[in-house]
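Breakdown of the fold
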Amino acid sequence: GMFVITDGKRNDIGTTMEAYATAHLGHTDVAGESIDAFGADALTVNGYLGTDGIKPLAKICDSDDKGIFVLVKTSNPSSGELQDMKLETNESVYEHMGKMCEGWGDSAVGAVVGATYPEQLGEMRAKLPHTFFLVPGYGAQGGGADDVKNAFDENGLGAIINSSRGIMCAWKKQGLAEDDFAVAARKEAERMRDEIVGCIGKIKLG
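Numbering of residues starts from 1 in every chain and runs along the sequence as written. The predicted origin of the model limits local features to residues at a pLDDT of at least 70 and limits the giving and counting of side-chain atom pairs to 80 or more, whereas totals for whole chains, interfaces and linings rest on all residues. Side-chain numbers here rest on the full set of heavy atoms in the structure, without hydrogens or water.

Next up on the list: the packing of aromatic side chains. Put simply, two rings from Phe, Tyr or Trp (the six-membered ring, in Trp's case) pair if the centres are within 6.5 Å, and we call them stacked under 30 degrees between planes, edge-to-face over 60, tilted for the rest. The full count for this structure, using the stated rule, is zero aromatic pairs. We count a charge as sitting over a ring when the NZ of a lysine or the CZ of an arginine lies within 6 Å of the ring centre and within 35 degrees of the ring normal. The ring of Tyr 20 has Arg 10 sitting right over it, with the charged end atom 4.2 Å from the ring centre.

What follows is the structure, given as structure tokens:
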């Protein structure tokens, strides 16, 4: 019952992208049996090949009720070498990519915007009001609740905050035995949840 995101950062064009889309989000016929290979609900995608790399995914998203998250402003230190560059329109590359996400359509297309750049995160939330965000960089990469609060809309919705090493390796930080990794992971996930909710306030679902 959990929402599963494959962090594949996939992209290509034509039949190759159609194959990637089917493999990660669709169904493959194996000896007459339809197999959902990865069992994922969404896939992270590198959108820098343009619309040609997105169209095959959009078809799968529509037919199989799946989603994609397109890299917009990534959390790694060197992301600005390309993504922060200014275009002739005086908008940044990441800003233009964000606009393309909105243009690509419906709720199936989200954006990856890193917690390690809180100012740009707030900027993108204001400019992409209809786009759901996947926000990496919380925890081990240095992002905290105060950094990710701008990812959410006025109702406290619109974003998934990702912590990988911070949760998987929580047993080390908590001084527990390796066998207690599951207990430590749960404690860290609950701590993370409470910290974020403490910053964004009450979540309104209706």
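With that settled, consider a nonpolar patch on the surface. Taken together, the side chains of Leu 157, Val 197, Ile 203 and Leu 205 define a hydrophobic patch exposed on the protein surface, amounting to about 350 Å² of accessible area. For helices the rule is a DSSP run of H or I covering at least 4 residues; for strands it is a run of E covering at least 2, with both sets numbered from the N terminus onward. Position of Ile 203 relative to the elements: it lies in the segment after helix H9 (181–200). For Ile 203, a relative accessible area of 37% puts it in the partly exposed group. Only residues whose relative accessible area exceeds 30% and that take part in no salt bridge are eligible for patches, with like-charged residues grouped when within 9 Å of each other and nonpolar side chains (Val, Leu, Ile, Met, Phe, Trp, Tyr) grouped when within 5 Å. Only the protein chains shown count as cover for residues, with accessible areas throughout obtained via the Shrake-Rupley method and a probe of 1.4 Å. By convention in these notes, a salt bridge is any Lys or Arg side-chain nitrogen within 4 Å of a carboxyl oxygen on Asp or Glu. Residue burial is assigned from relative accessible area. The probe radius is 1.4 Å, only protein chains are included, and a residue is buried under 20% of its type maximum, exposed over 50%, and partly exposed in between.

This part takes up the nonpolar core. The biggest cluster of nonpolar side chains holds 35 residues, and the ones touching the most others in it are Ile 68, Phe 133, Val 135 and Ile 161. Among the elements that take part in this core, helix H4 (residues 93–104) stands out by supplying four residues, more than any other. The contact definition used throughout considers only heavy atoms, calling two residues in contact when any of these lie within 4.5 Å. Setting aside residues up to four positions removed in sequence, Ile 68 forms contacts with Leu 25, Leu 43, Val 45, Ile 54, Leu 57, Cys 61, Ala 108, Val 109 and Gly 110. The criterion is simple. A nonpolar core is a set of buried Ala, Val, Leu, Ile, Met, Phe, Trp, Tyr and Cys residues joined through side-chain atoms within 4.5 Å.

Next up on the list: the sheet that holds strand E4 (residues 42–45). The pairing criterion is simple: DSSP has to find at least two bridges between the two strands. What the six strands build is an open sheet, ordered E1-E4-E5-E6-E7-E8; its pairing is parallel. Both edges of this open sheet fall to strand E1 (5–10) and strand E8 (159–161), since each of them pairs with a single strand only. If you compare each strand with its neighbour and ignore which way they point, the axes differ by 25° on average. As paired elements, E1 and E4 share three bridges and run parallel to each other. Across the sheet, Arg 10 pairs through a bridge with Val 45, a residue of E4. Interaxial angle, 0 to 180 degrees, is taken between N-to-C directions of lines fitted to C-alpha atoms, where a helix line uses only the stretch in contact.

Before going further, it helps to spend a moment on unusual backbone geometry. Phi at Ala 31 is positive, roughly 55°, even though this residue is not glycine. Residue placement: Ala 31 occurs in the loop between strand E2 (28–30) and strand E3 (33–35). Residue class for Ala 31 comes out exposed when judged on its relative accessible area of 84%. Of note, the phi angle at Asn 90 is positive, near 70°, even though the residue is not glycine. On the secondary structure map, Asn 90 appears in the loop between helix H3 (80–83) and H4. Residue Asn 90 is classed as exposed on the basis of its relative accessible area, which comes to 57%.

The subject of this paragraph is the pairing of E4. Burial along E4 is two-sided: Ala 42 and Thr 44 facing one way and Leu 43 and Val 45 facing the other are all buried. In the sheet, E4 pairs with strand E5 (residues 67–73) via four bridges, with the strands oriented parallel. Note that in E5 the partner of Thr 44 across the bridge is Phe 69. In this region the chain leaves E4, passes through helix H2 (residues 55–64) and returns to the parallel neighbour E5; the handedness of that crossover is right-handed. Assignment of crossover handedness uses the view with strands pointing away from the viewer, where a clockwise path from the first strand over the helix to the second indicates a right-handed crossover.

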